[in-house]
Amino acid sequence: MGTSRRDFLKVLAPLMTLPASGQQGDGYIADILQGIGRLGASRAADWRSRFPALAQQVNGYPLAYLDTAATAQRPTVVTKAVVDFYERDNANPGRSLHTLAKRADADYESARKTAATFINAADPLEIVFTRGTTEGINLVATAWGGANLRTGDEVLLTVSEHASNMLPWQLAARRAGATVRYLDIDDNGSLRLDQLDASLTPRTRVLSFMHVSNVLGLINPAREICARAREAGVITVVDAAQSVPHFKVDVREIGCDFLAFSGHKMMGPMGTGVLWGRRPLLDAMPPYQAGSNMAHAVGLDSADFSFGALKFGAGTPNVSGSVGLAAAMRFIDAVGYGALRDHEQLLTRHFLARLAELPRVRVLGSTVATERIGVFTFVVEGAQPLDVVAALDAKGIAIRGGDLAALPLLMRLGVKQAARASIYLYSTIEEVDRLVDGLKVL
């Protein structure tokens, strides 16, 4: 790029002193974030400068944070947005109450509109703010499942699923007297789509599957899967926890009925997330939980429930979290999914090539970079995964290990535990090399 690092940082400097998260600052923030893209946001060094946590040392070494699949680090623009809300607009939302309540309401609904635009929802009232993917799937399994699953029905999952997509449906099926069935994978970890049509039986009511595997990083063809389920009259739920942070997700293009994702994996605050659902389905579903703000004219034995997403927002909302999540979405938009994907693919190819140098290391899943995001799960011959995690942590390298909340998938691939490294826009070639060098001496 023709812009120097000094010029780039000069333009980004105002991000450190962003104004309040309400409407007053929206145009200003937008201008600054657009500047990131204009000034060459494809450079990881410039992206990294927005993440204070990455500047620290761990155990005497510079931190190499390779655990983004569990949770991403936060850029200053996100933490600043949360702080600004608490320092300026903190109040229970209310559009017809005092000034701070009006500001909080405007912040909250602005975040809902940002989220709707981010995933191309047709209506902001299709956006339910949640604590994350887990709560979003539980909401559907409990509210939709409770109203629609009957004895003898079937729920179709895949053996690749995270526990957060298995357990809610197992409980929902048990309550209804329904059965959970599973679509298998091949030995490379890819879904057996050749078995999908036969698995969608007349008893199948819902198909819930992950867009991207949190273990293998493999990208499932969500649009094709949803189209085939729709032809069979089956409702679809997409776990997008590992896809939304890494590439553009368009709910109308995918053609699903529900989609859930987490804020903390895409640089937003912990305890935030989104459930998107088709408006007619949300309107037809009973409330997930009840309380203030989701009902009106509450009497001793009656109430008028709100409509769309508002029906599922009982109690005081996490306004600051939603404001921070919206800031993360704007940050991703400013970086650009194209630049993000290019950077991750560069590191993915390098990572896979370096791991292939190690005869004791077995990488799970496809080794074709274009089929996956930057998630690398592996086992080291003669070393327990948690020992690998500890050894790398001693050198300042953060990865994850264990059953990765996907024990059935690991067992299908012949192991019960594994180590996992994962990259993001702030990751570097040097960090990849440090990890591989650390594995060499285990």
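Note that the structure is predicted; figures quoted are calculated from it, not measured.

## What to know about the pattern of salt bridges
Thought 1: This model, assessed by the stated rule, comprises 22 salt bridges.
Thought 2: For the salt bridge of Arg-48 with Glu-431, the shortest nitrogen-to-oxygen distance reads 3.0 Å. A residue pair is termed long-range when its members are at least 10 positions apart, and Arg-48 in helix α3 (residues 44-48) and Glu-431 in helix α16 (residues 429-440) qualify at 383 residues.
Thought 3: When its relative accessible area of 4% is taken as the criterion, Glu-431 is described as buried.
Thought 4: In this structure, Asp-105 and Arg-95 form a salt bridge, with 3.5 Å as the shortest nitrogen-oxygen distance. Of this pair, Asp-105 sits in helix α5 (residues 99-118) while Arg-95 sits in the loop between α4 (76-89) and α5, and the two are ten residues apart along the sequence.
Thought 5: Each of Arg-354, Glu-357, Asp-433 and Asp-437 takes part in salt bridges that share partners, so that together they form one network.

## Quick word on the confidence of the model for the protein chain
Thought 1: Of all residues in the protein chain, 90% attain a pLDDT of 70 or more, and the chain-wide mean is 90.
Thought 2: Across residues 1-42, where pLDDT falls below 50, the model places 75 contacts with residues more than four positions away in sequence or in other chains.

## Examining the layout of surface pockets
Thought 1: Estimated volume of the largest pocket: approximately 900 Å³.
Thought 2: Lining the largest pocket are 39 residues, with Tyr-108, Arg-112, Asn-293, Gly-313 and Pro-317 positioned closest to its centre.
Thought 3: For the lining of the largest pocket, the secondary-structure elements that each account for two or more residues are α5, β4 (127-130), α6 (133-148), β11 (295-296) and α12 (319-335).
Thought 4: Sorting elements by how many residues they give to the lining of the largest pocket places α5 first, with five residues.
Thought 5: The residue makeup of the lining of the largest pocket, split by class, is 15 nonpolar, 16 polar and eight charged.
Thought 6: Estimated volume of the second largest pocket: approximately 310 Å³.

## Quick word on the sheet that holds β4
Thought 1: The strand order across the open sheet built from seven strands is β4-β10-β9-β8-β7-β5-β6, with neighbouring strands paired in mixed fashion. What marks the edges here is a single partner per strand, and that holds for β4 and β6 (179-183). Adjacent strand axes in the sheet meet at a mean angle of 20 degrees, parallel and antiparallel pairs treated alike.
Thought 2: Where strand β7 (residues 204-210) lies against strand β8 (residues 235-239), five bridges are found, and the strand directions are parallel. Bridge pairing in β8 places Met-210 opposite Asp-239.
Thought 3: In the packing of α12 onto the sheet, the strands contacted are β4, β9 (258-262) and β10 (273-277), and the crossing angle to β10 comes to about 80 degrees.

## Some words on the sheet that holds strand β16 (residues 400-402)
Thought 1: Reading across the sheet, the four strands line up as β13-β14-β17-β16 and stay open at both edges, with antiparallel pairing between neighbours. The open sheet has two free edges, formed respectively by β13 (361-363) and β16, since each of these has just one partner strand. Between one strand axis and the next, the sheet turns by 30 degrees as a mean value, whatever way the strands run.
Thought 2: Sheet analysis places β16 next to strand β17 (residues 418-422), joined by three bridges and oriented antiparallel. Across the sheet, residue Gly-401 finds its bridge partner in β17, namely Ala-419.
Thought 3: Across the sheet, helix α14 (residues 385-393) touches β14 (375-380), β16 and β17, and the angle it forms with β16 is around 160 degrees.

Rules used throughout
Residues numbered from 1 in each chain as written. Predicted model: local features only at pLDDT ≥ 70, side-chain atom pairs only at ≥ 80, totals over all residues. Heavy atoms only, no water. Salt bridge = Lys/Arg side-chain N within 4 Å of Asp/Glu carboxyl O. Helix = DSSP H or I, 4+ residues; strand = E, 2+ residues; numbered from the N terminus. Buried < 20%, exposed > 50% of the residue type's maximum accessible area, 1.4 Å probe, protein only. pLDDT = per-residue confidence, 0-100. Contact = heavy atoms within 4.5 Å. 1 Å grid on protein atoms, 1.4 Å probe; cavity = no way out; pocket = protein on both sides within 12 Å on 5 of 7 lines; lining within 4 Å. Points joined across faces, edges and corners; volume = space filled by probe spheres on them. Nonpolar A, V, L, I, M, F, W, Y, C, P; charged D, E, K, R; others polar. Pairing = 2+ DSSP bridges. Axes fitted to C-alpha atoms, helices over the stretch in contact; angles between N-to-C directions.

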